[in-house]
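Fold and contact review
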Amino acid sequence: MAPVDGSNLRFAVGDRVSCNMGSDGWASGKVVALQYREDHWPAKKTAPYQVELDPAFGSALIFAPMDIPKVIRAEMPSTFSLPEDGRDAAEVLAALKTEVAKLQDDPIVLTVSGPELMAVAEDGTELFVPKDAGPWVITMVVQGPTTSAYSSHLRMQLKVNTAWPKSPAEVRVHSWIHSPFVKQNGVMDEAAMAEALGTLDADVSPLCRTVRAAFSLLNNPSQFCEDDTDSADDAAESNKERLDVILKYKVQREHDWLFDPKRAYSTETIHPEYWKAYCLNTPEAWAALVTTEATEVYSVPLFKPELCKAFVEELDKFHGTGLPARRPNSMNNYGIVVNEIGMEPALDQLCHNLLQPLAHYLFPGVGSHFDRHHTFVVRYKVGEDLGLDMHTDDSDVTFNVCLGKDFKGAGLQFCGDQGATDHRKASLQYQHRVGHCVVHRGHRRHGADDITEGERLNLIVWTRNIEYRRSRLWSKFNIQSRSSGYKRESEPPDLVCLSFTHDRDYGVFKEYKGDKKRHRGKGWCPPIHAEYEGFMEEESVD
Ligand SMILES: O=C(O)CCC(=O)C(=O)O
Ligand SMILES: [Fe+2]
């Protein structure tokens with residue numbers, strides 16, 4: 001056990017450190033105390049460090065529960081630190097280009113592009129695109145060996161800064177893979193990467209080694225999980241289950257081309273107006289295409305009717321097989337996550353190639369780069385799910401495309417941004433049109449009105465941008481910071497904007513019917529400090 005004075009610890013009071021904040025990435029700060037204790041802790045419990053985070057991270061006082069590199073480490077060099085070996089950014093970029101060319105010869109790398117400049121948010125600042133000094137992003141599709149639980153193609157990105165290769169690349173896995181080394185946001189665990197890099201020969205280029213290291217962590221997790229082989233086994237099992245469904249369904253597909261990244265979303269299937277704007281990719285072309293439905297809510301024609309029809313037929317076919325489907329979220333009983341039935345490679349192409357430029361035009365910064373996408377279909381029908389309660393999405397930019405079939409009702413009601421004074425004030429009732437896509441920010445409150453006739457299926461793409469989630473802007477809308485950036489509501493809510501799942505005053509305005517009763521008294525909105533004048537909280541039981 002470490003002596004109480006902390007002399008065994010790696011850092012001293014005043015040292016600059018980075019702390020692992022889970023899916024929020026790393027936050028910088030300085031050590032302010034050693035062997036920290038809180039009064040309510042059991043007698044012998046201490047945390048090795050208390051750390052004061054920098055103002056960019058809210059100046060919070062946190063503690064590091066363990067003195068290990070996964071939890072706390074020496075402050076990482078900033079992306080913008082210039083190389084210490086006398087090179088300038090242009091030289092680093094040239095070296096990177098040579099390395100990328102070598103990657104093309106690596107048999108596990110199917111495609112590679114970049115390096116491209118990326119928008120970043122260093123140390124919690126706003127998102128911005130640096131002019132020429134990096135960081136850069138390299139995008140790849142890598143092939144897993146067919147015998148492993150990870151046999152699918154993996155889309156990955158490497159974020160590389162000007163201190164490369166001294167400062168390692170951040171590896172992001174965009175494809176949905178269960179791995180003990182891929183964090184919730186898709187970033188590969190830095191300490192595990194360092195360990196895996198240490199096992200590889202130094203005679204290949206640093207970029208090839210990075211890819212190889214990531215590959216071995218994903219493919220042989222048990223080799224690196226000596227103390228915890230269970231988590232490696234569980235992850236492998238989950239991958240296997242997922243791939244089993246994909247393989248079983250592969251031989252039963254109605255429209256094989258819908259799964260083909262080269263054919264699914266092409267000039268044959270994409271609405272001609274959208275295709276035109278996409279090919280021109282100028283602000284004028286996008287402006288001519290986009291309809292502004294309300295502030296920050298836009299719509300575009302996206303799919304041809306043939307594509308919508310084929311999509312709906314494919315989903316009907318999948319439902320008919322009885323294969324297990326993963327539901328998109330707890331609010332939806334009949335939708336499915338389409339990445340889980342084998343559509344991920346084709347949807348990657350829709351998302352990263354076709355939708356990305358539109359998002360960049362509509363929401364520069366947050367929409368300028370997508371990391372992961374979570375893509376699913378929602379289904380509403382009389383006798384099944386009718387509509388969707390008011391909510392915000394766990395996405396940064398959401399695309400919602402109506403696939404059909406025939407239906408009445410089912411408007412999409414928009415209110416305000418989470419944490420804004422008009423969060424629960426109505427702003428738009430959007431009417432879905434088959435083939436059209438509505439685009440909005442994830443933090444916008446919205447919900448689907450009940451369907452009154454027919455059946456409705458919509459394809460929903462939730463995109464996420466890791467850099468944005470590291471920025472100050474994100475902490476404003478982040479659910480966990482409800483208590484900080486959240487503004488006081490200006491007035492009582494509009495009835496259409498009330499949520500039976502989230503609101504503390506739903507019962508004051510509306511009756512909880514049927515199954516909704518279980519939510520009474522469990523809401524969080526508005527947070528106490530953001531209550532409007534005259535706010536009354538509902539009684540927690542009937
Ligand atoms: O039904 C719709 O159109 C909206 C669905 C939605 O907002 C969601 O699934 O997050
Ligand atoms: Fe939503």
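Every value quoted in this text rests on a predicted model; they were computed, and no experiment measured them.

Bringing the coordination of the iron ion (ligand 2) into the picture now. Those donors, His391 (NE2), Asp393 (OD) and His446 (NE2), are the protein atoms that reach the iron ion (ligand 2), and they lie 2.1 Å from it. The sequence pattern describing where the donors of the iron ion (ligand 2) fall on their chain is H-x1-D-x52-H. With aspartate 393 in the loop between strand 14 (388-391) and strand 15 (397-404) and histidine 446 in strand 20 (residues 444-448), this residue pair connects regions lying 53 residues apart in the sequence. For aspartate 393, a relative accessible area of 9% puts it in the buried group.

Attention now goes to the site of ligand 1. The environment of ligand 1 is formed by 15 residues, the closest being Tyr380, Asn400, His432, His446 and Arg456. Between ligand 1 and aspartate 393 there is a distance of 3.1 Å, counted from an oxygen atom to a side-chain nitrogen or oxygen. Between ligand 1 and the protein, one listed contact pairs an oxygen atom with a side-chain N or O atom of histidine 432 at 2.9 Å. Coverage of ligand 1 by the protein amounts to 99% of the 300 Å² it exposes when considered alone. Contributing elements (two or more residues each) for the shell around ligand 1: strand 13 (373-381), strand 14, strand 20 and strand 21 (451-463).

Turning our eyes to something else, we now look at the pattern of salt bridges. Applying the stated criterion across every chain yields a total of 32 salt bridges. The partner of lysine 425 in a salt bridge is aspartate 494, with the nearest N and O atoms 3.2 Å apart. Here aspartate 494 lies in the loop between helix 11 (472-477) and helix 12 (506-509) and lysine 425 lies in the loop between strand 17 (412-417) and strand 18 (428-430), a separation of 69 residues in the sequence. Overall, the relative accessible area of 23% leaves aspartate 494 in the partly exposed class. Each of Asp316, Arg379, Lys381, Glu384, Lys405 and Glu455 takes part in a single network of salt bridges with overlapping partners.

As a further point, take the environment of tryptophan 136. With respect to the element layout, tryptophan 136 can be found in strand 7 (residues 136-143). Overall, tryptophan 136 belongs to the buried group, its relative accessible area being 2%.

Now for helix 2 (residues 190-198). Considered for burial, the residues of helix 2 that qualify are Glu190, Ala192, Met193, Ala196 and Leu197. For helix 2, the buried positions fall inside an angular range of 155 degrees around the axis, keeping them on one side. The exposed residues of helix 2 that point more than 90 degrees off its buried face are Ala194 and Gly198. Capping of helix 2 at its N-terminal end is provided by aspartate 189; its side-chain oxygen lies 3.2 Å from the backbone amide nitrogen of alanine 191.

Applying the stated criterion across every chain yields a total of one disulfide. Each sulfur of the disulfide joining cysteine 415 and cysteine 497 lies 2.0 Å from the other. With the S-S dihedral at roughly -100 degrees, the linkage between cysteine 415 and cysteine 497 falls on the left-handed side. Highlighted residues: cysteine 415 in strand 17 and cysteine 497 in the loop between helix 11 and helix 12, separated in sequence by 82 residues. For the residue pair cysteine 415 and cysteine 497, the accessibility class agrees, reading buried in each case.

This next bit is on the side chain of lysine 159. Examined against the element boundaries, lysine 159 turns out to sit in strand 8 (residues 153-160). A polar contact is formed between the side chain of lysine 159 and the side chain of glutamate 467, at a distance of 2.9 Å.

All told, the structure shown has 16 aromatic pairs when counted by the stated rule. Judged by centre distance (5.0 Å) and plane angle (80 degrees), the ring pair of tyrosine 249 and phenylalanine 318 falls under edge-to-face. With tyrosine 249 in helix 5 (residues 229-250) and phenylalanine 318 in helix 8 (residues 305-321), the pair connects residues that are 69 residues apart, well separated along the chain. Clustering of aromatic rings is evident, with ring pairs tying together Tyr36, Trp41 and Phe63. Taking NZ or CZ as reference, lysine 45 lies 4.4 Å from the ring centre of tryptophan 41, over its face. Here the guanidinium or amino end of arginine 253 rests over the ring plane of phenylalanine 259, the centre of that ring lying 3.8 Å away.

Strand pairing in a sheet is mediated by backbone hydrogen bonds. Such pairs are either parallel or antiparallel. Spatial ordering of the open sheet is given by 6-7-8-9, a layout of four strands whose pairing is antiparallel. Here the strands that pair on one side only, and so sit at the sheet edges, are strand 6 (109-117) and strand 9 (170-173). Taking each pair of neighbouring strands and ignoring which way they run, the sheet shows an average axis angle of 20 degrees. Both strand 7 and strand 8 contribute to a ladder of eight bridges, which runs antiparallel. What sits directly across from tryptophan 136, in strand 8, is valine 160. Where helix 3 (residues 206-219) meets the sheet, it contacts strand 6, strand 7, strand 8 and strand 9, and its direction lies at approximately 135 degrees from that of strand 8.

Let us now look at the confidence of the model for the protein. Across the protein, the average pLDDT comes to 87, with 88% of residues at or above 70. Note on residues 78-82: pLDDT is under 50 here. Beyond four places in sequence and across chains, it has 18 contacts.

Along its length, helix 9 (residues 344-362) reaches its greatest deviation from straightness, about 50 degrees, at leucine 355, and the proline proline 357 lies no more than four positions downstream. Of all 19 residues in helix 9, 15 are buried, a share of seventy percent or more.

Attention shifts here to the nonpolar core. Counting 53 residues, the largest nonpolar core has Tyr265, Tyr274, Phe303, Phe311, Val338, Phe399 and Leu459 as its most contacted members. Per element, the largest residue contribution to this core is nine residues, and it comes from helix 9. One finds Leu154, Met193, Val211 and Phe215 within the second-largest nonpolar core, a separate group that totals 39 residues.

We now examine the environment of glutamate 296. With respect to the helices, strands and loops of the structure, glutamate 296 is situated in the loop between strand 10 (291-294) and strand 11 (297-301). Along the chain, glutamate 296 and histidine 440 lie 144 residues apart, while their C-alpha atoms are 6.1 Å from each other. Setting aside anything within four residues of it in sequence, one finds glutamate 296 in contact with Phe363, Asp417, Val439, His440, Arg441 and Arg444.

Reading the values: rules and limits
- Residues numbered from 1 in each chain as written.
- Chains lettered and ligands numbered in written order.
- Predicted model: local features only at pLDDT ≥ 70, side-chain atom pairs only at ≥ 80, totals over all residues.
- Heavy atoms only, no water.
- Donors = N, O, S within 2.8 Å, 3.2 Å for Na, K, Ca; no water.
- Helix = DSSP H or I, 4+ residues; strand = E, 2+ residues; numbered from the N terminus.
- Buried < 20%, exposed > 50% of the residue type's maximum accessible area, 1.4 Å probe, protein only.
- Near = heavy atom within 4 Å.
- Polar contact = N/O pair within 3.5 Å; in protein donor to acceptor, adjacent residues only side chain to side chain.
- Areas by Shrake-Rupley, 256 points an atom, 1.4 Å probe, with all protein chains shown as cover.
- Salt bridge = Lys/Arg side-chain N within 4 Å of Asp/Glu carboxyl O.
- Arc of directions from axis to C-beta.
- Disulfide = S-S within 2.5 Å.
- Phe/Tyr/Trp six-rings, centres within 6.5 Å; stacked < 30°, edge-to-face > 60°.
- Lys NZ or Arg CZ within 6 Å of the ring centre and 35° of its normal.
- Pairing = 2+ DSSP bridges.
- Axes fitted to C-alpha atoms, helices over the stretch in contact; angles between N-to-C directions.
- Contact = heavy atoms within 4.5 Å.
- pLDDT = per-residue confidence, 0-100.
- Bend = angle between axes of the 7 residues up to and from the residue.
- Core = buried A, V, L, I, M, F, W, Y, C linked by side-chain atoms within 4.5 Å.

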